[in-house]
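# Coordinate inspection notes
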Amino acid sequence: MKPTEIQLNSPSGLKLDLTNYGATLTRLQIPDKHGVLTDVVIGLANVEEYTSEDYKKYNFCLGATIGRYAGRISGGGFSIGENFYELSHQDGVQLHGGKHSLDQQLWLVDQMEEGDTPFVLFSLKSNAGDNGYPGNLNLFAKYQLENNTLKITYTATTDAPTVINLTNHAYFNLDGQGTTHGNELYVNASRYLEVDERLVPTGRILNVEDTPYDYTEKTALHFKGHYGLDTPFILEEGKIKASLYAKHSGIQMNVTTNQPAMVLFTPQDFGGLKVRNSELFQGFPAICFECQNFPDAPNQPHFPSALLLPGETYRNEMSYQFEIK
Ligand code: GLA
């Protein structure tokens, strides 16, 4: 089956491109301060490329829906009660739900609506045993445009106890080119999770004060002397959980979510991968705002529970609101 391409347009001028392959956001265009449409999300030149073996090797998951468990799970698996579930893993660590996970499945287009608040609802069934996870899951990914806001909502139900942590892995560059170096970043988090050399949380919760992770006041992103962010932040009360401002386009993005954490990821580059308009980008080309539960929560009892039981509905809501400044 070939991946489908879908475009949603909002009356205020947002253009969103999606594919059912991985329920992936492939492009998002926003009018900048001059009214010029700016491509603010990193993607590939065409939808077929997302399915290529060459692309999968890079594991960037551009704009994809990530799960069953976003981020890293350590110890080769996790326990629910007396039962240990071994996951597919490399040296004891599983990343982003393992190989051929949700980001590489053809989701169904369940529902679609045009109009003032156009949306598409993708659905997928993930069978018990998938990469080692228990429970047959019914998954839904909804993308909706509302005025200047992109809303992404993930929901899931299960027929047996399991763990779940979904997120979207869009890489933003609000100038549509160049670098994120110098962009103004705000993160509503005074604490973050310490990670080890495998990027697995150690369990220690640290204060951002006097570290390169202090974005409690709007701060210009700078990468001098460190390799960038790949950091789980613990979110605090308050509607806006993070914001990013790029001065060339004048575009500001405000991120909200109902999730307890956000992983910020700033790759140095895309390696040999040829992304769309790759010639326009420089070092530290983009930043991900991955709204989610804490990585490795199934193995760390003091982290928020990631358990999903039959009869419950998992719900992850995130929104990206755009304004011109
Ligand atoms: C997350 C991880 C990173 C990296 C990217 C791309 O952000 O934390 O270490 O693996 O996904 O897959």
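Look up: the structure comes first, before these words.
Residues numbered from 1 in each chain as written. Predicted model: local features only at pLDDT ≥ 70, side-chain atom pairs only at ≥ 80, totals over all residues. Heavy atoms only, no water.

### Details of unusual backbone geometry
Cis geometry marks the peptide bond from glycine 67 to arginine 68; its omega dihedral reads 5°. Within the fold, arginine 68 resides in the loop between β5 (65-66) and β6 (72-73). A positive phi angle is found at alanine 23, which is not glycine, with a value near 40°. Following the sequence through the fold, alanine 23 ends up in the loop between β2 (15-19) and β3 (24-31). Despite not being glycine, histidine 96 shows a phi value in the positive range, around 50°. Within the fold, histidine 96 resides in the loop between β9 (94-95) and β10 (108-113). (Helix = DSSP H or I, 4+ residues; strand = E, 2+ residues; numbered from the N terminus.)

### Focus: the pairing of strand β27 (residues 314-324)
In terms of strand pairing, strand β13 (residues 149-158) meets β27 through 8 bridges, oriented antiparallel. Paired with isoleucine 152 across the bridge in β27 is methionine 318. In terms of strand pairing, strand β23 (residues 251-257) meets β27 through 7 bridges, oriented antiparallel. Residue pairing for β27: glutamine 252 is matched across the bridge by glutamate 323. (Pairing = 2+ DSSP bridges.)

### Digging into the sheet that holds β3
The strand order across the open sheet formed by 4 strands is β1-β2-β3-β4, and the pairing between neighbours is antiparallel. Edge positions in the sheet fall to β1 (5-9) and β4 (37-39), since each has one partner strand and no second. Looking at each pair of strands side by side, their axes are set apart by 20° on average, direction ignored. (Axes fitted to C-alpha atoms, helices over the stretch in contact; angles between N-to-C directions.)

### Concerning the site of the ligand
In the region of the ligand, the neighbouring residues are Asn59, Arg72, Leu95, His96, His169, Tyr171, Leu199, Asp230, Phe265 and Glu290. With respect to the ligand, the side chain of histidine 96 contributes an N or O atom lying 2.7 Å from an oxygen atom. In the environment of the ligand, an oxygen atom lies 2.7 Å from a nitrogen or oxygen atom belonging to the side chain of histidine 169. For the ligand, the accessible surface in isolation is 300 Å², of which the surrounding protein chains cover 91%. Class assignment for the residues of the shell around the ligand results in 4 nonpolar, 3 polar and 3 charged. (Near = heavy atom within 4 Å. Polar contact = N/O pair within 3.5 Å; in protein donor to acceptor, adjacent residues only side chain to side chain. Areas by Shrake-Rupley, 256 points an atom, 1.4 Å probe, with all protein chains shown as cover. Nonpolar A, V, L, I, M, F, W, Y, C, P; charged D, E, K, R; others polar.)

### Topic: the nonpolar core
Burial of nonpolar side chains together is a common tendency in soluble globular proteins. Counting residues in hydrophobic clusters, the biggest one holds 60 residues, and the most contacted among them are Leu25, Tyr143, Leu185, Phe289, Tyr320 and Phe322. By residue number, the principal contributor to this core is strand β12 (residues 137-146), which donates 5 residues. Not counting residues up to four positions away in its chain, the partners in contact with leucine 25 are Leu16, Asp17, Leu18, Val41, Leu62, Gly63, Tyr143, Leu150, Ile152, Asn168 and Ala170. Counting residues in hydrophobic clusters, the runner-up holds 15 residues, among them Tyr55, Phe60, Phe281 and Ala286. (Core = buried A, V, L, I, M, F, W, Y, C linked by side-chain atoms within 4.5 Å. Buried < 20%, exposed > 50% of the residue type's maximum accessible area, 1.4 Å probe, protein only. Contact = heavy atoms within 4.5 Å.)

### Considerations on the sheet that holds strand β16 (residues 171-172)
Within a sheet, adjacent strands bond to each other through the backbone by hydrogen bonds, running parallel or antiparallel. Read from one edge of the open sheet, 6 strands run β16-β25-β24-β21-β18-β19, paired in antiparallel fashion. Two strands lie at the open edges of the sheet, namely β16 and β19 (201-207), each paired on one side alone.

### Describing the environment of isoleucine 66
With respect to the secondary-structure elements, isoleucine 66 resides in strand β5. Counting along the chain gives 32 residues from isoleucine 66 to glycine 98, while the straight-line C-alpha distance between them is 9.9 Å. Not counting residues within four places of it along the chain, the set of residues in contact with isoleucine 66 comprises Cys61, His96, Leu102, Asp103, Asn165, Leu166, Thr167 and His169.

### Observations concerning the pattern of salt bridges
For the coordinates displayed, the defined rule picks out 10 salt bridges. Close ionic contact of aspartate 39 with arginine 276 constitutes a salt bridge, the shortest N to O distance being 3.0 Å. Residue aspartate 39 is located in strand β4, and its partner arginine 276 is located in the loop between β24 (261-265) and β25 (287-292); the two are separated by 237 residues in the primary sequence. Here aspartate 39 matches arginine 276 in class, with each residue buried. Across the pair glutamate 184 and lysine 218 runs a salt bridge, and its minimum N-O distance is 3.7 Å. In this pair, glutamate 184 sits in strand β17 (residues 184-187) while lysine 218 sits in the loop between β19 and β20 (219-220), placing the two residues 34 residues apart along the sequence. On the accessibility criterion, glutamate 184 (30% relative accessible area) is partly exposed. Lysine 218 sits in the partly exposed class, given a relative accessible area of 41%. Here the salt bridges share partners, and the residues they tie into one network are Asp17, Arg27, Asp39 and Arg276. (Salt bridge = Lys/Arg side-chain N within 4 Å of Asp/Glu carboxyl O.)

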